[in-house]
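Residue-level structure breakdown
Next come the chains, spelled out residue by residue.
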Amino acid sequence: MKKFILVSVMCVVATLQALACGPWVRPSYYVFSAFPRAQMGDMFYERTNQFWREYTDGAAEAWSQQSLAAVDLEEFDRSENAIIKAAITKRDREMTDYLRILISYLNECGVGSEDTWAYPTKQDLKQRDSKLQYIYNRARSYRGKRLSGQYCLLAMRALMLMGDSQGIIKYWKGMGSKQAESVYKDMMRDIYAGALLRTGKKREACDIFAELGDMLSIKWVMRDSRNLEGIKTEYEANPTSPTLVYLVQDYVNNAQSSLESISGADDDEVDEDIKRANQRLKDFIPFALEVVKQGKTDVPALWQSAAGYLTHLLGDSRQGIAMLDKALTMRGTQRMLDNARVCRLVASTATASANNKYLNYLAQELTWLQQVEQKEATDFKEYNFNDNHYLEVLQNLIYDNLSPRFATQGHTNLATGLAGWMAGHETSLSATCDDFYVSDDYYHMLDLLSAQETVDYLNYLEGAAGNELEKMIFSSAIEIDRQYRNDRIGTKWIREGQFEKAIPYLEEVSLQYIGTQAISAYMERNYRVERWFKRQRVFTGELWEWDESPKPVNENQKLQFCHDIIKTTRDYEHASGKERGELAYQLATMLYQASYKGECWYLSRYGQSINDTICYKNEKDFLAEAVHYLDEALRYADNDFDLTQKALYAKAFIPFGQPYVTYTYDEDWNAIPHYNRNSYEYQTLLTLNNFYQAHRNQVATYVSRCDVLRRFRENNL
Amino acid sequence: MRLWKYSLLFVVLIASCTRSKQDLEHSTNSVYYWRTTLRLDSAERQFLRDYKVGRIYMRYFDVVMRDGTARPNATLRFLDTVPSSAEVVPVVFVTENCMRTDNEPQTLAERIVQRVVQMNETNNLPAPRELQIDCDWTVRSQECYFAFLRQVRKLLRERDMRLSITIRLHQLAMNVPPADYGVLMVYNTGDATRKTGRNPILDKRDVQPHLRHLASYDLPLCAAYPIFGWQLLYRGDEFKAILHEENLADSSLYRPVDDHRYLVVANRDLPEPSDDRAHFTWVLAGDSVIVQQPTEEMILTVRQALQARRGNINNQVIIYSLDKKHLRLYNNNFYEKVYSR
C-alpha cells in the first residue's frame, strides 16, 4: 500500500501544475520500511496466482483464479477458465476433482452473505450447512500428498463459513500445522489467527499475523497500541513479538509525517501542544536503545535503525548517521538491514556537500538502490514500479532533496545532471512497464535554467567526470535531442531579451520540428497586430472543440521575431521625431504580444495560464518594456493626435502593476470598492480620460465607447 | 339554531384535535437497533430488562441504487437472539434516490415486504406485525415515495401488519405520507459538516422552527430521541470525517482543549471499520476533533417542548440507539425521565 505523508499536498498538485513556472510537488514517502509494503495488502494473492501460472504454463491470468467462483459446475467440462482448461487438457483427475470441490466451496461463500433480494430460506441455509459439511468431509478424506495443503485449507475455510472458531483451532493443531510449508499453509495459519482473535487471544493472533506478514490485520487489531506506551506494553509481554516490527515502523513513519508537516513553518505558527508532542517523539530513542542493550530482541537492527532515523528526523543527523552505521552491523532481516542503509543514505543528505568523497559515496548507494528496487519489483510483480518503495526513495532523494540542495549550494550543473540521471533511469523503467510514467521534474528544471545556464549545462555533460557520481550522470543522463535543445535555448534567449543570441540557436531548428510542438497550433497569430485593437482567435469552436494538436508551419516565427525586433529597435534608435515615436509604438506592440500576457506568448515560453508572472530566471519584463516604449511613443508623438491616442489607449489596456480598484465584502456579501489612486492603472485611465474630455469630439470610437473608461468615469474618479 | 351550529363546530374541532393527537394503541418503551450484526452484550440486555423495553425497531437492511437498480445493502446478520419480551419491528432504510428513478414502486414494495418476512422466518423470529420505512424523501421524490408506501401498506394489510414511517423534522411541513403512524426523528437536527457552534445531533434552536407544524400534523406520531455522540474531525473549518470510536485519551495524538474539543497533535492514518481494511482516515497535526453529544438537559427540554405542542407524542418514546457505548453516556435517572409518560 502506498502511503503518502503530506496527503493534503495532493490537493494542490493539480493547481500548481497548471502554472507555467509552478513547481511539481511530489508527496514525501515514508522512508522507514522494515517489511515489504505488499504486506499491507493481500499477501497471499500473488503467491496463489504464481501457483496457477506455473500449473497452466503461464496461461492463467490474475482474474482466472478470481473467476473460479463464477464457474457453473454443470458447465465445468466446457469452461473457458484457463485453470480448468489446463487441468482437463492434462487429464489431471486429481486436480479436476479438487477444482470441483473448490468451486463448490466458492459458490457457497456467497449464500446468505450477499445482499440479494432472495434472502435465503431456512432450507437454503440447511442446504448450505450440509454442503459445507460435505466439503469439509471431502477435504478431510483426501489421502494424497500433492494437494494436501489445498485440501486442508479447504477444510478450514469450510469451518470458517460455518462459524466454528473452536473447530478451526482444533483442526489447525491436528492437521494444518503439520502440512509442508506453502502459501496454503500460510493461509490456513491466517485463518487460525483469525479464530484466535475471535476467541479473545489477541496477542497470539497478532504475532501470527505479523509472522505471516499480514500487517493490515495488525494495523486494525493494534489500533489502540500505535504509540510508545503500546510498544512498551507489547515489548514487556514478549520482546521478540513479531507485532513489534509493525508497531516500530508505524511509530517512525508517523513521526516522519508529523515532523515534516511542520518543517519550514515559523516557530510561532506552530501550536505549542503540537511542538510538545513532536518533542515527545524523542522518548522512543532511549527506550529503543535500551531494548538493544537488553539483548532480548532478535532484531536489534530494527530498534537501532528506528532510533537512528528518529534522531536524524529530530535534527541531529550526525548522531543519527552514527547510530545507523551501528545498526548496519546488527542482527535483523535483510529487509531491516537494507532499511538501515536507506535511512543512513537519506540522513546523510542533511549535511551533504558536493565534495568528491560524498559524491563517490552517493554513486555507490544510488547504484545499490537501483538493485534493491529491481529486486523488489521482481519479488512483488503485481506492484511493479508504481508502488516500489526503493524507487520512491530514489525519487524523493534526487528530485526533492539532493537536486534542490546542490542547486542551492550553487552546483547547478550537478543538480540538473542528477535529475537527468534519474529521468534516464525512469525512462528505462517505463520501457519495461506499461503504466509507469517518467516524472517531469528534470524537464521542469531544464525549463527554469537561464539560457546561459542551459548552454553551460550541456557543455558540462560533455566534459570530463571528476568523480564517480559524475561518471554515472554523464553515462546515463537522458539524451537531449539537438533540435529540442536549440529551440529551448533560443526561446530562453528571447525571453531574456537577448534576441541576437537567440538567432544562431533558432536557425538550427527545422520547420518540421516546430510543427511537432503543441504551441505550433497558435503560430498563425501575428505579433505585429495590436492586441488592444484586435483579438486573434485561433480556435473558433467551443472550449471542448479546441484542437490543440500540432500544426505544420511555414516559417520559424521565433526567428522572424528576433530579426524583426532587432531591426525595429535599430531603426528606432536611429530615428527621431514622430518616426521614432511610431517605431517605439511598434516595439511596444511586439513586446506586449511576446510577453506572458500577449497572444504570442509562445515566442517566449511553452505554455500560458492566467496565473503566469515573470517567473523564469533572467526573464525580461516585456510588459514593463512595452510600457516604456509607449511612453517613448508619447514623448516623440510630436502632437500627432492618432499616435498619442493609440499610445494612451494601449497604456490603459496593458495590465501592469496593481489594479485601480479592489473589493472587499461586508457580512451580507455587498462589494465594497477600494480605489488605489497611485496605481499604474488608475494613472493611465485618468490620463486617457483627460484626453477624452479634452478631445471629446475628435476621439476614435475605441476611446469614446471604451466600457472600462466609462466605468472609470462613472465612479467619479 | 345558532347554538346548534356552534355545538356542531365544537364537535368537529374536538374530532380534528383528537385525530391529530391519536395515541399509539400499544405504546411501550422502545429502542432502535442500528448495526449490521445482531449481537447483544450483557449491558444491552440489562438495559432492555431494566427499562422494560417492549419494542426494538431493528434496521434489517438498506435499499440503495447500484448499477441503476434498487438493491438491498448492509443486511443485518443475525448472530444472536432477541429477548422474547420485546417485539422486533423491522426497519428498512431506503435511500432517497431510489425514489427518484424509474424503479417500479410496486415491485420494490413487494421485494421489501417479502424479504423482511423471509428474514424473520429464516432467523426464527415471530412473523412481524409491523414494518417501518425510513426515507429522507423530498418534494421531488414525494410522488414515487407515496405510491411506494401505498403499495407497501396494501401488502402489509394482507398480512395483518401495519406500516410506520420515520418523519424528519423538516418533513412536518410537507404532505403527510400514507402510513399508520410516524416516528418523529428528533435528532440530526443540524449540519455536522458546518461549524455552527450548535450541536448537529440535537439543538432546540434547530427544532423550534418546526414545532408550529407539530400539533396539526395529520398522522399519529411518537418520538425518537438521540443518545449517541459523534467525534467530528475538522481541518480548519472544513469537515473531514466522523471518527470511529477514537481513543481521545491517547496523548500522543490528541490534546484536550476544552470539554468537548481536542487538538490533533500528530499525523496518523486511522483504519476505518470497513470490509476493505485498507481504508483509512488521515488525521493531521492541527486538525480538531469536536465531540458532539446532546446533553440530558437538552434532550429533556426538547422532549418537553414537543409534549407542550402535542400532548401524546411521548406516549411512546424510542431511543436511538441501543448500543453499549451509547448507553453509558447517560445515567439511569435520565432514562427514566425520557421514558416517563
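Residue indices begin from 1 for each chain and proceed along its sequence in written order. Whichever chain is written first is A, and whichever ligand is written first is 1; the rest continue in order. Owing to the predicted nature of the model, reporting of local features is limited to residues with pLDDT of at least 70; listing and counting of side-chain atom pairs is limited to 80 or more, with chain, interface and lining totals taken over all residues.

Another point: the overall build of chain A. A count of helices and strands for chain A gives 34 helices and two strands. Relative to its length of 717 residues, chain A is extended, with a C-alpha radius of gyration of 35 Å against a globular reference of 27 Å. Considered along the principal axes of its C-alpha atoms, chain A spans approximately 110 × 60 × 60 Å. For the exposure call, what matters is how many other C-beta atoms sit within 10 Å of a residue's own: 20 or more marks it buried, 12 or fewer exposed, and in between partly exposed, using C-beta atoms placed from the backbone. The 717 residues of chain A split such that 39% are buried. Pairs at least 24 apart in sequence give 62% of the contacts found in chain A among residues at least 6 apart. Helix numbers and strand numbers start at the N terminus; a helix is a DSSP run of H or I with at least 4 residues, a strand a run of E with at least 2. This radius of gyration counts C-alpha atoms alone. The globule rule is 2.2 Å times how many residues there are, raised to the power 0.38. The contact rule is simple: place each C-beta atom from the backbone, and if two of them lie within 7 Å, those residues are in contact.

Looking only at helices and strands, chain B has eight helices and 18 strands in total. Here chain B has a C-alpha radius of gyration of 22 Å; the compact-globule value for 341 residues is 20 Å, and the two agree. Over its C-alpha atoms, taken along the principal directions, chain B stretches across nearly 80 × 45 × 40 Å. Going through the 341 residues of chain B one by one, you find that 36% of them count as buried. Within chain B, counting contacts between residues at least 6 apart in sequence, those at least 24 apart form 72% of the total.

As for its placement among the helices and strands, Phe146 of chain B is situated in helix H4 (residues 139-158). Taking the C-alpha atoms as reference points, Phe146 of chain B and Gly236 of chain B, 90 residues apart in sequence, are found 42 Å from one another.

Attention now moves to the sheet that holds strand S17 (residues 288-292) of chain B. Residue and element names in this part refer to chain B. In this scheme, strands are said to pair when DSSP sees at least two bridges between them. Pairing in this open sheet of five strands is antiparallel, and the strands run S12-S11-S17-S14-S13 from one edge to the other. Every other strand in the sheet has two partners, leaving strand S12 (238-243) and strand S13 (254-258) as the edge strands with one partner each. Each strand of the sheet is rotated relative to its neighbour by a mean of 30°, with strand direction disregarded. Bridge analysis of strand S14 (residues 261-264) against S17 gives three bridges, and the strand direction is antiparallel. Bridging across to S17, Tyr262 finds its partner in Val289. The angle between two axes is taken between their N-to-C directions and runs from 0 to 180 degrees, where each axis is a line fitted to C-alpha atoms and a helix contributes only its stretch in contact.

With 30 residues of chain A in contact, the opposing surface of chain B contributes 28 residues. Of all the elements in the fold, those that place two or more residues in the side of chain A that touches chain B are helix H1 (7-17), helix H6 (122-141), helix H11 (215-221), helix H13 (243-262) and helix H14 (272-280) of chain A. Per element, the largest residue contribution to the side of chain A that touches chain B is five residues, and it comes from H13 of chain A.

Attention shifts here to helix H18 (residues 334-348) of chain A. Residue and element names in this part refer to chain A. A rise of 1.5 Å per residue sets the reference length of H18, with its 15 residues, at 21 Å; its end C-alpha atoms lie 21 Å apart and thus fit the reference within 8%. Judged by how many residues are buried, H18 sits mostly within the fold: 12 of 15 residues are covered. Buried within H18 we find Met336, Leu337, Asp338, Asn339, Ala340, Val342, Cys343, Arg344, Leu345, Val346, Ala347 and Ser348. On its buried face, H18 sits against helix H16 (300-313), helix H17 (317-327), helix H19 (356-379) and helix H20 (389-408). An expected span of 1.5 Å times one less than the residue number is assigned to each helix.

What follows deals with the domain arrangement of chain A. For each domain, the first and last residues come from an automatic or database assignment. The domain boundaries assigned to chain A delineate domain 1 (226-351), domain 2 (481-653) and domain 3 (661-714). On a C-alpha basis, the centres of domain 1 of chain A and domain 3 of chain A stand 62 Å from each other.

Here we take up unusual backbone geometry. A cis geometry characterises the amide bond from Tyr320 of chain B onward to Ser321 of chain B, with omega recorded as 5°. Locating Ser321 of chain B in the fold gives a position in the loop between strand S18 (317-320) and helix H7 (324-327). Of note, the phi angle at Asp57 of chain A is positive, near 55°, even though the residue is not glycine. Relative to the elements of secondary structure, Asp57 of chain A occurs in the loop between helix H2 (45-55) and helix H3 (62-66).

With that settled, the discussion passes to the confidence of the model for chain A. Here pLDDT means the predictor's own confidence in every residue, given as a number from 0 to 100. Across chain A, the average pLDDT comes to 90, with 94% of residues at 70 or higher. Counting interchain partners and residues more than four positions distant, the pLDDT-below-50 stretch residues 1-19 of chain A has 35 contacts.

This brings us to helix H26 (residues 499-506) of chain A. Residue and element names in this part refer to chain A. Along H26, the residues classified as buried are Phe499, Ala502, Tyr505 and Leu506. The buried residues of H26 occupy one face: seen down the axis, they fall within an arc of 110°. The outward face of H26, more than 90 degrees from its buried face, is lined by the exposed residues Glu500 and Pro504. Buried residues in H26 make contact with helix H25 (482-495) and helix H28 (557-574). What the arc measures is the spread of directions leading from the helix axis to the C-beta atoms.

A few words now on the packing of H6 of chain A against helix H7 (residues 148-161) of chain A. All names here are of chain A. Close contact between H6 and H7 brings their axes to 8 Å; oriented N to C, the two are set at 155°. Relative to H7, the element H6 lies roughly antiparallel. The handedness of the crossing between H6 and H7 comes out as left-handed. Residues Leu132, Ile135, Tyr136, Ala139 and Arg140 of H6 lie in contact with H7, whose contacting residues are Tyr151, Leu154, Ala155, Ala158, Leu159 and Leu161. Classifying every residue of the contact of H6 with H7 gives 10 nonpolar, no polar and one charged. Each angle is binned into one of four classes, with values under 35 degrees roughly parallel, values over 145 roughly antiparallel, values of 65 to 115 roughly perpendicular, and all other values oblique. If you view the pair so one helix is near and one far, a crossing is left-handed when the near helix is turned anticlockwise from the far one by less than a right angle, and right-handed when it is turned clockwise. Residues are grouped as follows: Ala, Val, Leu, Ile, Met, Phe, Trp, Tyr, Cys and Pro are nonpolar; Asp, Glu, Lys and Arg are charged; every other residue, Gly included, is polar.

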